[in-house]
Amino acid sequence: MEVQHNISLKNHNTFGVEAIANTFIEVHNEKDLVDIFKQGIFKEPFFILGGGSNILFTKDFEGTIIKINNKGIQHFIEGNNIYITAAAGEIWNDLVWYCIDHNFPGLENMALIPGTVGASPVQNIGAYGVELMDIFHTCRAFDSYTGEIRTFTNKDCAFTYRDSIFKSKYKGRYIIMSVTYNLKIHTPLNTSYGSIENELVKRSISKPTIKDIAEVVSHIRVEKLPDPTTIGNAGSFFKNPIIDVNKLNNLLKIYPDIAYYTLDNGLYKLAAGWLIETCGWKGKQVGNVIIWKNQALVITNSGKATGIEIYDVSSLIIKDVQLKFDIELEREVNIL
Ligand code: EPU
């Protein structure tokens, strides 16, 4: 276990903003966490970092950043069930391609989502009609309060849209060390998301394989979303707001073309990208911050932005959307 001091976090966050951490520790296994626990580091401010793809540092971090970097993927098959266990430090997209190489369906719609396996349940990541909670089985997590290991079932995680118990009740307490996913050998492909269907037609693919879907999804993402390795960003900056039927009907009277999806629970999800675009923000630049030209939900760093600059622009967007639509956007990105 390597302990470093006064470390720049610029290469550890996909926004590429500068911030200094007092202490930086890279963890390779559970024993490292036990050592950290024994040293009393969890009693001081600390933050668990995965791929740094959903975080905005707005100031230096006066504490310990713990980067989870354990590795390994294993699977076993039982009847129609495929159980895959991946270490938290594995790159999410590598896991997706592990499944595709083994012809295991279920993750292909979530190809190319940035970040690590360990962050996948925290955020309940999702894309193109599939959410992590659909395939999550259990995860092993280290309790920073007691030093014990706990296994969380799907129900224990209290998953909702882009949210879980790890972002609410247990925020900052548990450190996910591995995740087990339960895929099914016989899983119908999910091509219902409009842009997937269109792209399959364009490629004259009538009977897609899971690899076709992963390639199509990756293509759509590359076209629409900026590549964080060249343009600093953290994907969707805001969550899509969820509203009731009364609110929707009031909005439809004024904005008949408002973009929304119907949810199973009788509520509606608005496309935050549409709200932000309609406020005139798409492609707009404020100082070193640019709202992405192909997807207004994404805020980008033109190269020299500070975290606080990006945060301030996000506040301006929230204010405009509130004024125009009477809807309060919630940030999806974690702010530190
Ligand atoms: N739209 C606009 N203008 C925009 C962006 C979107 O009008 O600038 C409207 C369009 O009508 C479009 C609709 O919004 O058809 C939906 O857009 P998109 O398919 O890009 O999906 P999204 O709801 O904006 C969500 C996730 C993305 C995920 C996509 C695809 C959230 C916060 N974002 O975006 O996730 O890739 O669906 O499933 O739920 C991420 O979390 O970082 C992320 C990129």
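The rules behind each value
- Residues numbered from 1 in each chain as written.
- Predicted model: local features only at pLDDT ≥ 70, side-chain atom pairs only at ≥ 80, totals over all residues.
- Heavy atoms only, no water.
- Pairing = 2+ DSSP bridges.
- Helix = DSSP H or I, 4+ residues; strand = E, 2+ residues; numbered from the N terminus.
- Axes fitted to C-alpha atoms, helices over the stretch in contact; angles between N-to-C directions.
- Contact = heavy atoms within 4.5 Å.
- Buried < 20%, exposed > 50% of the residue type's maximum accessible area, 1.4 Å probe, protein only.
- Lys, Arg positive; Asp, Glu negative; His and termini not counted.
- Salt bridge = Lys/Arg side-chain N within 4 Å of Asp/Glu carboxyl O.
- Parallel < 35°, antiparallel > 145°, perpendicular 65-115°, else oblique.
- Left-handed = near helix turned anticlockwise from the far one by under 90°.
- Nonpolar A, V, L, I, M, F, W, Y, C, P; charged D, E, K, R; others polar.
- Domains from an automatic or database assignment.
- Buried area = accessible area lost by both parts, 1.4 Å probe.
- Arc of directions from axis to C-beta.
- Polar contact = N/O pair within 3.5 Å; in protein donor to acceptor, adjacent residues only side chain to side chain.
- Near = heavy atom within 4 Å.
- Areas by Shrake-Rupley, 256 points an atom, 1.4 Å probe, with all protein chains shown as cover.

### Side note on the sheet that holds strand 3 (residues 46-49)
One open sheet accounts for 4 strands, arranged 1-2-5-3; its pairing is mixed. In this open sheet, the two strands that pair with only one neighbour each are strand 1 (2-8) and strand 3. Within this sheet the neighbouring strands show an average axis-to-axis angle of 30°, counted without direction. The sheet contacts of helix 1 (residues 30-38) involve strand 2 (20-27) and strand 5 (61-68), and relative to strand 2 the element is tilted by about 135°.

### A short note on the side chain of Glu90
With respect to the helices and strands, Glu90 occurs in the loop between strand 7 (81-87) and helix 2 (92-101). The side chain of Glu90 sits in the buried core without any salt bridge; Lys71 is the nearest counter-charge, 5.0 Å away. Here Glu90 is in contact with Asn70, Lys71, Gly72, Ile73, Thr116 and Val117, once residues within four sequence places are set aside.

### Describing the pattern of salt bridges
For the structure shown, the criterion picks out 10 salt bridges. Between Arg203 and Glu199 there is a salt bridge whose closest N-O contact spans 3.0 Å. According to the relative accessible area criterion, Arg203 is partly exposed, its value standing at 33%. Note on Glu199: relative accessible area 9%, which makes it buried. Connected through salt bridges with shared partners, the residues Asp163, Lys239 and Glu330 form a single ionic network.

### What about the packing of helix 2 against helix 5 (residues 210-224)?
The N-to-C vectors of helix 2 and helix 5 enclose an angle of 155°; their axes lie 9 Å apart at closest approach. Relative to helix 5, helix 2 is oriented roughly antiparallel. As helix 2 runs across helix 5, the sense of the crossing is left-handed. Of the residues in helix 5, those touching helix 2 at Trp97, Cys99 and Ile100 are Ile210, Lys211, Ala214 and Glu215. Per-class residue counts for the contact of helix 2 with helix 5 are 5 nonpolar, no polar and 2 charged.

### Remarks on the domain arrangement of the protein
Split by domain assignment, the protein resolves into domain 1 (2-68), domain 2 (73-184) and domain 3 (232-335). With centres defined by C-alpha atoms, the gap from domain 1 to domain 3 works out at 29 Å. Every contact between the two is made by 10 residues of domain 1 and, on the other side, 16 residues of domain 3. Of the roughly 1,100 Å² buried between domain 1 and domain 3 on both sides combined, carbon and sulfur atoms contribute 57%.

### Here we look at helix 1
Turning to helix 1, its buried residues number three or more, namely Asp32, Leu33 and Ile36. The arc enclosing the buried residues of helix 1, seen along the axis, measures out at 100°, which places them on a common side. In helix 1, the exposed positions angled more than 90 degrees off the buried face are occupied by Lys31 and Lys38. Turning to helix 1, the residues buried within the fold contact strand 2, strand 5, strand 10 (136-143) and strand 12 (174-184). The N-terminus of helix 1 is capped by Asn29, whose side-chain oxygen sits 3.2 Å from the backbone nitrogen of Lys31. Just downstream of helix 1 lies Gly40, where phi reads positive at about 80°.

### Examining the site of the ligand
Close to the ligand lie 23 residues, the nearest being Tyr128, Tyr161, Tyr261, Glu277 and Gln295. Separating an oxygen atom of the ligand from a side-chain N or O atom of Arg221 is a distance of 3.4 Å. Interatomic distance of 2.8 Å between a backbone N/O atom of Ala296 and an oxygen atom of the ligand. Contact with the protein chains hides 82% of the accessible area of the ligand, taken as 810 Å² for the molecule alone. Of all the secondary-structure elements, those providing two or more residues to the shell around the ligand are helix 5, strand 13 (232-236) and helix 7 (272-278). Broken down by element, the residue count for the shell around the ligand peaks at 3 residues, all from helix 7.

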